Amino acid sequence: MKYIFAILLVILNLINIPLSILYMKVQKWYLPMWKKDKVIYFAFAPFYWILVILTFIFGYPCEILGKLVH
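Residues numbered from 1 in each chain as written. Predicted model: local features only at pLDDT ≥ 70, side-chain atom pairs only at ≥ 80, totals over all residues. Heavy atoms only, no water.

**A few points about the nonpolar core**
- In this structure, Leu 19, Tyr 23, Val 26, Tyr 30, Met 33, Tyr 41, Ala 45, Tyr 48 and Leu 51 together form the largest nonpolar core, which totals nine residues.
- Those elements giving two or more residues to this core turn out to be α1 (2-30) and α3 (38-69).
- Not counting residues up to four positions away in its chain, the partners in contact with Tyr 30 are Tyr 41, Phe 44, Ala 45 and Tyr 48. (Core = buried A, V, L, I, M, F, W, Y, C linked by side-chain atoms within 4.5 Å. Buried < 20%, exposed > 50% of the residue type's maximum accessible area, 1.4 Å probe, protein only. Helix = DSSP H or I, 4+ residues; strand = E, 2+ residues; numbered from the N terminus. Contact = heavy atoms within 4.5 Å.)

In structure tokens form, the structure reads like this:
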């Protein structure tokens with residue numbers, strides 16, 4: 001059973017790692033917009049939160065599977 005979890009973990013991490021890197025770069029750009037330009041901040045908010053949700057959807061199972069494999 002651990003081998004199946006390990007394979008699933010690898011597959012999920014193929015999606016999760018680039019998605020997490022993208023999330024960190026977008027967050028670094030997006031959060032300072034609150035002070036710089038509120039229009040861009042609110043215009044980009046739906047896309048940012050979609051990215052947050054996708055990162056959570058792929059990241060949380062990776063955490064659980066990582067604990068099950070070890």
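Still to come is the rest of the account.
**Topic: α3**
- In this model, α3 (32 residues) spans 44 Å end to end at C-alpha, consistent with the 46 Å of a helix rising 1.5 Å per residue.
- The largest bend along α3 measures about 50 degrees and falls at Ala 45, with the proline Pro 46 one to four residues further on.
- Here the buried face of α3 lies against α1 and α2 (33-36). (Expected span 1.5 Å × (residues − 1). Bend = angle between axes of the 7 residues up to and from the residue.)

**As for α1**
- With 29 residues, α1 should cover 42 Å at 1.5 Å per step; its first-to-last C-alpha distance of 39 Å lies within 8% of that length.
- When α1 is considered as a whole, its buried residues turn out to be Leu 9, Leu 12, Asn 16, Leu 19, Tyr 23, Val 26 and Tyr 30.
- Tucked into the core, α1 has its buried residues touching α2 and α3.

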